[in-house]
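Chain by chain, the residues run as shown.
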Amino acid sequence: MKATKYIWKNGEFVPWEEATTHVLTHALHYGTSVFEGVRAYETKKGSAIFRAQEHYERMVDSAKIYQMNIPYTADEMIAATKELIIKNGLRACYIRPIYYYGYGEMGLNPGLNPVDAMIAAWEWGTYLGEEGLAQGVKCKMSSWIRIDSRCMPPLAKCASNYINSVLAKKEALDCGFDEGILLNSNGLVAEGPGENIFVIKKGNIYTPPTSDGVLEGITCQTACKIAEYLGYSVQHKSLTRDELFLADELFFTGTAAEITPIREVDGRIIGTGKRGEITKKIQDKFFEIVRGECKDHSYWLDYVNKTSD
Ligand code: PPE
């Protein structure tokens, strides 16, 4: 990770090295934090945060699910994020805000602890590699099942959910793949460890509904809107593993992963084994939008420098 000058913590900008926390922080022991992954992109009018409102509102929603009393509102967090980007002299960057139960009392009742807030931002390139973006990645169907809303709410972007993702990611890497794909407890396709998944078949586009245990991805919603804008039909529909094998094209979406094609699943070549045509169109439009080159979608960009609007 490439360090920057400052991290924002509970209303203050502290030097990167000093942004530490007590080892008895509740979240460290029990995973009691909710977070976001957000990206800012470089545009002609300066740095712009992509869909800031949606990301920070989702973090507030995640806190609501866990009945966490948040110390800063979404708007306050967005203002702090902009200031942080400016203070750090960043342009394109990844942003990681978090609300977490801090230091106070051990034990499973989190409410005895303060809720702390933190925002870090740093330069983070492609998630699954430049080659992955252009050529597609190789995936393994995970032996791990995606967490189920009967045991943990998948719609809350809670740190504890990610131990499920860590298992799937590590397994895929250990087996020589780039990424995993998890089924849910009903045997239906859920998502990647940190990405939503899309299937393209005969020109139609499908992605699993939230009821199949997936995070309501903001890039997923973006890809759906782009696809419709480009004239394709998009449907939220349950998918089986074999529908992945027989897809014409597959791709992942995520803030970190952006739009990443999938070229292979468990040794089955997907379509032509390269980035598909429709995937490329959606990907191209996505990058055009985030770089501020598409007027029709400029409302998704929140410019860091107020004078640039
Ligand atoms: N599903 C999961 C499980 C997930 O973690 C993400 C984001 C998505 C779908 C896509 O959501 P969205 O970013 O709103 O389009 N994963 C974040 C964390 C990745 C990480 O390794 O850390 C991200 O992409 O920022």
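See the structure above.
Rules behind the numbers
Residues numbered from 1 in each chain as written. Predicted model: local features only at pLDDT ≥ 70, side-chain atom pairs only at ≥ 80, totals over all residues. Heavy atoms only, no water. Helix = DSSP H or I, 4+ residues; strand = E, 2+ residues; numbered from the N terminus. Rg over C-alpha atoms; globule rule 2.2 N^0.38 Å. Contact = heavy atoms within 4.5 Å. Areas by Shrake-Rupley, 256 points an atom, 1.4 Å probe, with all protein chains shown as cover. Lys, Arg positive; Asp, Glu negative; His and termini not counted. Charge placed at Lys NZ, Arg CZ, Asp CG, Glu CD. Near = heavy atom within 4 Å. Polar contact = N/O pair within 3.5 Å; in protein donor to acceptor, adjacent residues only side chain to side chain. Nonpolar A, V, L, I, M, F, W, Y, C, P; charged D, E, K, R; others polar. Domains from an automatic or database assignment. Buried < 20%, exposed > 50% of the residue type's maximum accessible area, 1.4 Å probe, protein only. Pairing = 2+ DSSP bridges.

Asker: When you look at the overall build of the protein chain in this model, what are you seeing that I'm missing?
Answerer: Regarding its fold elements, the protein chain presents eight helices and 17 strands. What you see for the protein chain is a C-alpha radius of gyration of 19 Å, in line with the 19 Å of a compact globule of 309 residues. With the C-alpha coordinates of the protein chain rotated into their principal frame, the extents come out at 55 × 45 × 30 Å. The contacts in the protein chain between residues at least 6 apart in sequence include a share of 71% that link residues at least 24 apart. In the form shown here, the protein chain has an accessible surface area of approximately 14300 Å², with 51% of it arising from carbon and sulfur atoms. Once the 35 positive and 40 negative side-chain charges of the protein chain are each reduced to a mean point, those two points are 4 Å apart.

Asker: Is there a simple way to think about the site of the ligand in this case?
Answerer: Taken together, 21 residues lie near the ligand, and Y94, Y127, Y162, T219 and T255 sit nearest. R58 places a polar side-chain atom, nitrogen or oxygen, 2.8 Å from an oxygen atom of the ligand. At 3.3 Å, a side-chain N or O of K157 approaches a nitrogen atom of the ligand. When the ligand is considered free in solution it has 550 Å² of accessible area, and contact with the protein chains removes 94% of it. Those elements that provide at least two residues to the shell around the ligand are α2 (52-65), β6 (93-101), α6 (218-229) and β14 (249-254). Residues of the shell around the ligand, tallied by class, amount to seven nonpolar, nine polar and five charged. In terms of domain composition, the shell around the ligand takes at least three residues from each of domain 1 (6-122) and domain 2 (130-290).

Asker: Please clarify how the pairing of strand β11 (residues 196-201) should be interpreted in this entry.
Answerer: Within a regular strand, the side chains alternate between the two sheet faces. Counting buried residues along β11, five of its six residues qualify, which places the element largely inside the surrounding structure. The loop that links β11 with its antiparallel partner strand β12 (residues 204-207) comprises two residues; one of these, K202, has a positive phi angle of about 50°.

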